[in-house]
Amino acid sequence: MAQRQPMDGRASGLMLLLCLIWAMQQIALKATTDDFSPVFQIGWRTAFGGVLVAMVMLWRREPISQALLLWRPGICVGALYALEFVFIGESLRFTTAGHVVVLLYTAPIFAAIGLHWKLAEERLAWIQWSGVVVAFVGVGIAFLVRENPAAHPMASAMLWGDLLALLGGAAWGATTVVVRVTPLAALPASQSLMYQLVVGSFLIMLFAVSTGQTTFHPSPLVWAGLAFQTVFVAFISYLTWFWLLRKYLASRLGVFSFLTPLFGVVLGAWLLDEPIGPGFLLGAALVVVGVVLLSGYGWYAQWRAHSA
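Residues numbered from 1 in each chain as written. Predicted model: local features only at pLDDT ≥ 70, side-chain atom pairs only at ≥ 80, totals over all residues. Heavy atoms only, no water.

Chain-level pLDDT for the protein chain is 83 on average; 87% of the residues reach the 70-or-more range. Looking at the elements of the protein chain, mean pLDDT is at its lowest for helix 11 (residues 250-253), recorded as 64, and at its highest for helix 4 (residues 71-91), recorded as 94. (pLDDT = per-residue confidence, 0-100. Helix = DSSP H or I, 4+ residues; strand = E, 2+ residues; numbered from the N terminus.)

We now examine the nonpolar core. In this structure, Met15, Trp22, Ile204, Tyr238, Trp241 and Phe242 are the most contacted members of the largest nonpolar core, which totals 80 residues. If one sorts the elements of this core by residue count, helix 10 (residues 220-247) sits on top with eleven residues. (Core = buried A, V, L, I, M, F, W, Y, C linked by side-chain atoms within 4.5 Å. Buried < 20%, exposed > 50% of the residue type's maximum accessible area, 1.4 Å probe, protein only.)

This paragraph deals with the side chain of serine 190. With respect to the element layout, serine 190 can be found in helix 9 (residues 189-210). In this structure serine 190 touches Val53, Met57, Arg60, Glu62 and Leu239, once residues within four positions along its chain are discounted. (Contact = heavy atoms within 4.5 Å.)

So, about the packing of aromatic side chains. Within this structure, the stated rule accounts for 16 aromatic pairs. A ring pair is formed by phenylalanine 36 and phenylalanine 40, whose centres lie 6.0 Å apart and whose planes are at 80°; its orientation type is edge-to-face. Take phenylalanine 36 and phenylalanine 40: they sit in the same class, and that class is buried. Relative to phenylalanine 85, the ring of tyrosine 81 lies with its centre 4.8 Å away and its plane at 45°, an arrangement referred to as tilted. Of this pair, tyrosine 81 and phenylalanine 85 both sit in helix 4, four residues apart, roughly one helical turn. (Phe/Tyr/Trp six-rings, centres within 6.5 Å; stacked < 30°, edge-to-face > 60°.)

A separate point is the pattern of salt bridges. In a structure, side chains of opposite charge can pair up when their charged atoms sit close to one another. Within this structure, the stated rule accounts for two salt bridges. With its nearest N and O atoms 3.1 Å apart, the salt bridge here joins arginine 93 to glutamate 90. The class of glutamate 90 is buried, set by a relative accessible area of 13%. (Salt bridge = Lys/Arg side-chain N within 4 Å of Asp/Glu carboxyl O.)

Right, let's talk about the environment of threonine 106 for a bit. Note on placement: threonine 106 falls in the loop between helix 5 (97-104) and helix 6 (107-118). C-alpha of threonine 106 to C-alpha of glycine 169: the two residues are 63 residues apart in sequence and 5.5 Å apart in space. Polar side-chain contacts of threonine 106 include one of 2.7 Å to the backbone oxygen of leucine 103. (Polar contact = N/O pair within 3.5 Å; in protein donor to acceptor, adjacent residues only side chain to side chain.)

With that settled, consider helix 6. Helix length check: helix 6, at twelve residues, gives a terminal C-alpha distance of 17 Å against a target of 16 Å (1.5 Å per residue), a fit within 8%. Among all positions of helix 6, only Ala107, Pro108, Ile109, Ala111, Ala112, Gly114, Leu115 and His116 are buried. (Expected span 1.5 Å × (residues − 1).)

What follows is the structure, encoded as structure tokens:
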């Protein structure tokens, strides 16, 4: 398996752009919830994204014989992808986009724990373990310190939505682990992504239809949201993410993920007028600190080695 590189300027710039796109995807989904069921929208954007990736593969004339041999881990990551986005789509029915973004981006924590046990190059130092603890304390505070239910009639529903968003983060973290520790890591980014889009779109659509979540009332906002979700989220951002996973250490990439919940909370409050409770704000801040401690240690160790 090829040795991964530490972060450089190119990877940093790409991760900054990805964080902004990923924060906006929850805002776009939430903004069109009444006219386009979130799970149904995710299913369509995943299917259309798969078509775009297939077109790129045909243009590049990529051989897929090796990818076809890896159908077992391919189906596994596709199922995890579907699980992640079913959780996200369901969570947006009950809680705010800002809450979803923060709790979803606990994914680097789950990924780092899984990779610690599987890959020597991803072993966690004690400072990184302290980051894991701080992040989960933040999650606990975000769940336990809530607004008065009498003042916020949707408080109990938001708690359920927040739990679903956290499970989405765990599923995303598990996807990263499977991609990194199986032969899928050696495939071109387009081929490992294709497994997720094909298997994921089928399972997500199946869930949407079976649960009756197929609301679709076309409007300019709905079409614009679907275009953004398809081209920028399901196609460009995920293709770039899996390319980065093949080139760079996953734990180092995760240091930038703290920007996504920050973008998400700010954009949710600005564009959707979402309230930000003090308990959740404190919990979100601790999650961000935990992710920075976890993922930023690689840079600190590299700087210390160069300074010695």
